[in-house]
Amino acid sequence: MAPAEILSGKIVSAQVRERLKQQVVEMKEKFPGFRPGLAILQVGNRDDSNLYINMKLKAAAEIGISANHIKLPNTATEADVLKCIASLNGDPAVHGFIVQLPLDSDKPINTEKITNAVAPEKDVDGLSSINAGKLSRGDLGDCFIPCTPKGCMELIRQTGIQVAGKRAVVVGRSKIVGAPMHDLLLWNHATVTTCHSKTSTLAEEVGKADILVVAAGKAEMVKGEWIKPGAIVIDCGINHVPDSTKASGKRVVGDVAYNTAKERASYITPVPGGVGPMTVAMLMQSTVESAQRFLEKFQPGKWNIQYTQLTLKMPVPSDIEISQSCMPKPIDQVAKEVGLLPDEVELYGQTKAKVHLSALKRLKNQPDGKYVVVTGITPTPLGEGKSTTTVGLVQALGAHLHQNVFACVRQPSQGPTFGIKGGAAGGGYCQVIPMEEFNLHLTGDIHAITAANNLVAAAVDARIFHELTQTDQALYNRLVPSVNGVRKFSDIQIRRLQKLGINKTDPTALTKEEINLFVRLDIDPGTITWQRVLDTNDRFLRKITIGQSPTEKGFSRTAQFDITVSSEIMAVLALSDGLDDMKKRLGRMVVASSKRGEPITTDDLGVTGALAVLMRDTVKPNLMQTLEGTPVFVHAGPFANIAHGNSSVLADKIALKLVGKEGFVVTEAGFGADIGMEKFFNIKCRYSGLRPHVVVLVATVRALKMHGGGPAVTAGVPLPKEYTEENLQLLAKGCSNLNKQIQNARMFGVPVVVAVNAFKTDTKAELALVVQLAKEAGAFDAVECTHWAEGGKGAVALAKAVQRASQTPSNFRFLYNVELPVIDKIRLIAQQIYGASDIELLPEAQEKVTLYTKQGFGNLPICMAKTHLSLSHDPELKGAPTGFILPIRDIRASVGAGFLYPLVGTMSTMPGLPTRPCFYDIDLDPVSGEVNGLF
């Protein structure tokens, strides 16, 4: 018979690669920006492994696969390898993942444990027990097959001979080739015999084979005369035998005696150039197949998220009853669903986690999603449901319209939680859960801010005390002590010297005059603006005297406590875009002025580094979820009057990357649009560089009736009948406030969708009137919402309106240029946003304008501190007043956060407790551990 036809792995593998290349091109055309991803994990630095990996990387690049080579040192432990595998398992950009064997480590590592740690759906080497088990059961469409057997089957198919019904013999039983080859042939309907080193009748069994696959690892073990005439012979062996004719003194042969076998076989693979080239090609094929499976299961950028079904009850139970009736998903599941990697998530129990900023770095090239800010009309003291609307909107977009969506909200202070207001987790069937975790300690960020703030306060008073009681030399000796005979400046002291223009690093080289400048901050106690803080409502700390102990030697002064969320450190956290930026902002915070009128900063006090250490974990956003299982970032909670009243820049930035180009990030701005929204645009967006797509303006019939001249609305007191009975005239008159707030939003070039938050006492005619007047006032759309009682279902119309609005052009612009004089910036806000005819600066405010301009702070944005209960400075003035003069009582600086805040009237920064605080109803069940009575 004629000699066997050669099955060239080089030719076939080239054909396979060309086919895969075309498939990848088609994937990219269908899903722009998508690329199949392959990760190769190597331990150590073996030369042969390096050679094989380079071949794989080259093949991947040729096909268009994004290949990532992760190399661990040979000192890596089993735990190190498993941690790396866990990270790659969770990376949605990795579709194929192999561990290069052998593991070249000087530490003991269980290879089977390592291969089984690879996620089966990414195990393109097919070595995990799960994939091996699926193959042995015949689940060929739901597993990965080891690359060598898969390549062998591809070569067999090239012959055109049907496998079904043929007698096949596999010589060898390794887990990598022999055993999976047996299963593969069996489930392709061959009758299969496996032979091995203990098979006594090997020649006889080989002679029966129509298809022979040899993977024994023994040079030319199978003789040509054993082979059945016309058989297909696949030789997987690579062996070296002596050959004096070769320069190396050896040559490569297979497990089959090739020269005699080719005379009997119909098809045969050469060695080299047969099975070898197919292995890499099949690895690439498995990676592309894995990417195709991924695309079938997930659209790129589209989350595979499990939403929680609500069981709605009427009447609507209390917030905490609803929250506790819903079982939240494990937070690590939420993190995985939104595309976070395991090493980017720091778990705080089962329901909350911190997200590392490394996620933002990883996703930096991803396009941002649509940015939506929720604000409101001027509210009643009861609030109009901005938080509830924020949560309802994301539940509608996510659980009902299946969009990628994140809510980004502020962390509430514990003060109001135990006082009169209650929590801020939303309400009804639109909540962040668990609401008791949300409203209490969460992950300790506020406690860290309390500690950092009070460290600064302690440093201020201690420095004044020590300067008053010591000579220059005594201060210098203590500030720059001799340790083992050596004196050395710390880094922060070097910065102070440079600020003073003293370019010396040797402590012994300073002159007496330089020592005096260095050790004397010379703080003027009357200019101290930095107060101690506490996260509790305590009216008796609003004015205190400190330093009354005899040890303070009579150096006492009047001071106060503020509530923690009013601390500038909270605003710094909210506006920082990373740890380095936060540290710089912390160092710039001005705590007082010197007697020479120079600003004294935390850096001058030497406390910046310590503050950064206390704050290092707070910079990571907190991950939680809504009742319907959509993700939420809870991060930072600055006041909305003396600060800007918005959650963190970092949370928004990470969320915008996670949701992807077609997704949505919904954040909330504190108080009404004239306060929180204006600061969101002019301060937060200015520093973040982010540009909003849509404003959602929350309005209620109740608040609009108040603006129309309705009686006072007081917390804890039943609503007068004007609010519970239909009154279209009162409502229409009050829509002047809605009209003005719509104009305020449109002034920034962003489309406005009005969400009319419906209450059970509102009539259809009243709701329809608000919708009509909102549209007439220039809103892109206005919709009635019933999300409090119905969850996301009640906000679907709102969500669809937001989707449509986000597709329209957003011509975002700031209200003012920060280079304008301070007075001009204040006047622009007062006239354009509030409706004032002009401003009036009282003497103290005028002095501060002069001072801050002189100190170099005049180009900071403006953060107006005024009442949220009116567009004007007078909380009793409702509707949309005009023609009033806005009085500016004082101006203060949050230089670290990055704004000046004019005081319009008196701002309380320490709330008090009412006669009957919320804490009367709060209790703990000692058996179940459940919190009761929390709203």
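Here, residues in each chain are numbered from 1, in the same order as that chain's written sequence. Note on the predicted model: pLDDT of at least 70 is required for a residue's local features to be given, and 80 or more for side-chain atom pairs to be given and counted; whole-chain, interface and lining totals, by contrast, use all residues. Excluded from the side-chain calculations are hydrogens and water; all other atoms, namely the structure's heavy atoms, are used.

**Student:** When you look at the overall build of the protein chain in this model, what are you seeing that I'm missing?
**Tutor:** Helix and strand definitions here come from DSSP, where helices need a minimum of 4 consecutive H or I residues and strands a minimum of 2 consecutive E residues; each element is numbered from the N-terminal end. Broken down by element type, the protein chain carries 34 helices and 37 strands. The principal-axis extents of the C-alpha atoms in the protein chain amount to approximately 110 × 85 × 55 Å. Expressed as a percentage of the 935 residues in the protein chain, the buried residues total 56%. Looking at the protein chain alone, contacts between residues at least 24 apart form 74% of all its contacts between residues at least 6 apart. Computed with the Shrake-Rupley method and a 1.4 Å probe, the accessible areas treat only the protein chains shown as cover for residues. Of the accessible surface of the protein chain, which amounts to about 38700 Å², a share of 53% is contributed by carbon and sulfur atoms. A 1.4 Å probe rolled over the protein chains alone gives each residue an accessible area, and that area as a share of the maximum for its type sets the label: buried under 20%, exposed over 50%, partly exposed in between. We call two residues in contact when some of their heavy atoms are within 4.5 Å.

**Student:** Sorry, what's going on with the packing of aromatic side chains here?
**Tutor:** The geometry of an aromatic ring pair is captured by two quantities: the separation of the ring centres and the angle between the planes. By convention, a stacked pair of Phe, Tyr or Trp rings (six-membered ring in the case of Trp) has centres within 6.5 Å and planes under 30 degrees apart, an edge-to-face pair has planes over 60 apart, and any other such pair is tilted. Per the counting criterion, the structure on display carries 15 aromatic pairs. Both rings, one in Phe919 and one in Tyr920, keep their centres 5.4 Å apart while their planes meet at 20°; by these two values the pair is stacked. Taken together, the aromatic side chains of Tyr371, Phe680, Phe681, Phe748, Phe812 and Phe814 make up a single cluster linked through ring pairs. In this arrangement the basic side chain of Arg293 is found over the ring face of Phe144, its NZ or CZ atom lying 4.4 Å from the centre. Consider the ring centre and the ring normal. A charge sits over the ring if Lys NZ or Arg CZ is within 6 Å of that centre and within 35 degrees of that normal. Across from the ring centre of Tyr834, 4.8 Å away, lies the NZ or CZ of Lys866, which sits over that ring.

**Student:** Could you clarify how one ought to interpret the sheet that holds strand S6 (residues 191–195) in this entry?
**Tutor:** Working definition: the strands of a sheet are paired by backbone hydrogen bonds and lie parallel or antiparallel to each other. Strand pairing requires that DSSP identify at least two bridges connecting the strands. Judged by pairing direction, the sheet is parallel, and its 6 strands sit side by side in the order S1-S11-S8-S7-S5-S6 without closing on themselves. Edge positions in the sheet fall to strand S1 (5–6) and S6, since each of these pairs with one other strand and no more. Throughout, an axis means a line fitted to C-alpha atoms (over the contacting stretch in the case of helices), and angles, computed between N-to-C directions, take values from 0 to 180 degrees. Strands strand S7 (211–214) and strand S8 (232–235) of the sheet are contacted by helix H6 (residues 147–158), whose axis makes an angle of about 150° with S8. On the sheet, helix H7 (residues 178–186) packs against strand S5 (167–171), S6 and S7 and is oriented at approximately 170° with respect to S5.

**Student:** What is the right way to look at the side chain of Asn239 in this model?
**Tutor:** Here Asn239 is to be found in strand S9 (residues 239–242). On the accessibility criterion, Asn239 (9% relative accessible area) is buried. We call two N or O atoms a polar contact when they sit within 3.5 Å, provided that within protein one can donate a hydrogen and the other can accept it, with sequence-adjacent residues counted only if both atoms are side-chain atoms. Separated by 2.8 Å, the side chains of Asn239 and Asp255 make a polar contact. Asn239 has contacts with Gly217, Lys218, Ala219, Arg251, Val252, Val253, Gly254 and Asp255, leaving out every residue within four places of it along the chain.

**Student:** Looking at this model, I keep getting lost on the pattern of salt bridges. Mind explaining?
**Tutor:** Any two side chains of opposite charge can pair, given that their charged atoms come close. Criterion for a salt bridge: a side-chain nitrogen of Lys or Arg within 4 Å of a carboxyl oxygen of Asp or Glu. Counted according to the given criterion, the structure contains 44 salt bridges. Glu62 serves as the salt-bridge partner of Arg17, at 3.5 Å between the closest nitrogen and oxygen. Here Arg17, found in helix H1 (residues 9–30), pairs with Glu62, found in helix H2 (residues 47–63); they are 45 residues apart in sequence, far enough to count as distant. Counted as one network, the salt bridges with shared partners bring together Asp522, Lys595, Arg596 and Glu598.

**Student:** I tried to follow the packing of helix H17 (residues 445–469) against helix H21 (residues 568–575) on my own but got confused; where do I start?
**Tutor:** When two helices pack together, their arrangement is given by the angle between their axes and by how far apart the axes lie. The N-to-C vectors of H17 and H21 enclose an angle of 125°; their axes lie 9 Å apart at closest approach. By the angle between their directions, the pair H17 and H21 is classed as oblique. Considering how the two elements wind past one another, H17 and H21 form a crossing that is right-handed. Counted together, Ile446, Ile449, Ala452 and Asn453 of H17 and Ile569, Met570 and Leu573 of H21 form the full contact between these two elements. Residue classes follow a fixed rule: Ala, Val, Leu, Ile, Met, Phe, Trp, Tyr, Cys and Pro count as nonpolar, while Asp, Glu, Lys and Arg count as charged, and any other residue, Gly among them, counts as polar. Of the residues belonging to the contact of H17 with H21, the class tally is 6 nonpolar, 1 polar and no charged. Geometric relationships in this document are graded by angle, where less than 35 degrees denotes roughly parallel, more than 145 denotes roughly antiparallel, 65 to 115 denotes roughly perpendicular, and other angles denote oblique. Should the near helix be turned anticlockwise from the far one by less than a right angle, the crossing is termed left-handed; should it be turned clockwise, right-handed.

**Student:** What is the right way to look at a nonpolar patch on the surface in this model?
**Tutor:** Like-charged residues are merged into a patch within 9 Å and nonpolar side chains (Val, Leu, Ile, Met, Phe, Trp, Tyr) within 5 Å, provided each residue has over 30% relative accessible area and no salt bridge. Residues Leu51, Tyr52 and Met55 make up a contiguous nonpolar surface patch of roughly 300 Å² in combined accessible area. Here Tyr52 is to be found in helix H2.

**Student:** Is there a simple way to explain helix H29 (residues 728–746) in this structure?
**Tutor:** Under the convention used throughout, the expected extent of a helix is 1.5 Å for every residue step, that is, one less than its residue count. In a regular helix each residue adds 1.5 Å, so 19 residues correspond to 27 Å; H29 covers 26 Å between its end C-alpha atoms and thus fits that length. Bending is quantified residue by residue as the angle between axes fitted to the seven-residue window ending at that residue and the seven-residue window starting at it. Where H29 bends most, the angle comes to about 30°, and this point is Gly734. Listing the buried residues of H29 in full gives Leu730, Leu731, Gly734, Cys735, Asn737, Leu738, Lys740, Gln741, Ile742, Asn744 and Ala745.

**Student:** Looking at this structure, how should I read the environment of Gln772?
**Tutor:** Secondary-structure assignment places Gln772 in helix H30 (residues 764–776). Gln772 gets classed as partly exposed once you look at its relative accessible area, which sits at 40%. Along the primary structure Gln772 and Val783 are separated by 11 residues, whereas in three dimensions their C-alpha atoms are 9.5 Å apart.

**Student:** How should I be thinking about helix H24 (residues 608–615) in this particular structure?
**Tutor:** Residues separated by three or four positions in an α-helix point in the same direction, a consequence of the helix having 3.6 residues per turn. Of all the residues in H24, the buried ones are Thr608, Leu611, Ala612 and Met615. Here the buried residues of H24 occupy an arc of 100° about the axis, which is enough to place them on one side. This arc corresponds to the set of directions leading from the helix axis out to the C-beta atoms.

**Student:** Hey, could you run me through the environment of Ile600 in this one?
**Tutor:** Tracing the backbone through its elements, the reader meets Ile600 in strand S25 (residues 599–601). Since its relative accessible area comes to 5%, Ile600 is described here as buried. Distance from Ile600 to Val927, taken between C-alpha atoms, is 53 Å for residues 327 residues apart in sequence. The contact partners of Ile600, leaving out residues within four places of it in the chain, are Leu521, Ile523, Met589, Val590, Val591, Ala592, Ser593 and Ser594.

**Student:** Please explain the nonpolar core as it appears in this structure.
**Tutor:** Nonpolar side chains tend to gather and get buried jointly when the protein is soluble and globular. Among buried residues, the Ala, Val, Leu, Ile, Met, Phe, Trp, Tyr and Cys ones that are joined through side-chain atoms within 4.5 Å form a nonpolar core. In this structure, Phe406, Phe633, Phe681, Leu738, Val754 and Leu886 are the most contacted members of the largest nonpolar core, which totals 135 residues. Of all the elements, helix H25 (residues 649–659) adds the most residues to this core, at 8 residues. Among residues more than four places away in sequence, those in contact with Phe681 are Val373, Arg686, Pro692, Val695, Phe748, Val750, Phe812 and Phe814. If you look at the next biggest cluster of nonpolar residues, it comprises 54 residues, including Val12, Leu38, Met181 and Val213.

**Student:** Mind showing me how you'd approach the environment of Thr536 here?
**Tutor:** By the element assignment, Thr536 lies in the loop between strand S20 (532–534) and strand S21 (544–546). In this structure Thr536 comes out as partly exposed when scored by relative accessible area, which is 40%. Remark: the alpha-carbon pair of Thr536 and Asp874, spanning 338 residues in sequence, is separated by 27 Å. Setting aside chain neighbours within four positions, we find Thr536 in contact with Gly415, Ile563 and Met910.

**Student:** Would you mind going over the pairing of strand S35 (residues 899–903) with me for this structure?
**Tutor:** Look at any regular strand and the pattern is simple: side chains alternate between the two faces of the sheet. Extensive coverage of S35 is indicated by the burial of 5 of its 5 residues. The alternating pattern of S35 places Phe899, Tyr901 and Leu903 on one face and Leu900 and Pro902 on the opposite face, and all of these are buried. As defined by bridge partners, strand S34 (residues 890–894) adjoins S35 across 5 bridges and the pair is classed as antiparallel. The partner of Ser894 across the bridge, within S35, is Phe899. The turn joining S34 and S35, which pair antiparallel and follow one another in sequence, is formed by 4 residues; a positive phi near 105° is taken by Gly898.

**Student:** Is there a simple way to think about the sheet that holds strand S3 (residues 66–72) in this case?
**Tutor:** If you walk across this open sheet you meet the 3 strands as S3-S2-S4, and the pairing is parallel. The sheet is open, and its two borders are formed by S3 and strand S4 (96–99), each paired with just one other strand. Neighbour-to-neighbour, the strand axes of the sheet open up by a mean angle of 15°, direction not taken into account. The sheet contact formed by strand S2 (residues 37–43) and S3 spans 7 bridges and is parallel.

**Student:** Where do I start with unusual backbone geometry in this structure?
**Tutor:** The phi angle of most residues is negative, glycine excepted, and most peptide bonds adopt the trans form. Each neighbour pair has its own omega, and for Leu101 with Pro102 the value is 0°, a cis peptide bond. Structurally, the position occupied by Pro102 is in the loop between S4 and helix H4 (111–117). Along the chain, Val271 connects to Pro272 via a cis peptide bond; the corresponding omega equals 0°. On the secondary structure map, Pro272 appears in the loop between strand S11 (267–268) and helix H10 (276–297). Of note in the backbone geometry, His402 takes a positive phi value of approximately 55° without being a glycine. Looking at the secondary structure, you find His402 in the loop between helix H14 (386–400) and strand S15 (405–409). Take His402: its relative accessible area is 45%, and that puts it in the partly exposed class. With a phi angle near 70°, Ala636 is a residue other than glycine that sits in the positive phi range. Within the secondary structure, Ala636 sits in the loop between strand S27 (631–634) and H25. On the basis of relative accessibility, which here comes to 1%, the residue Ala636 falls in the buried class.

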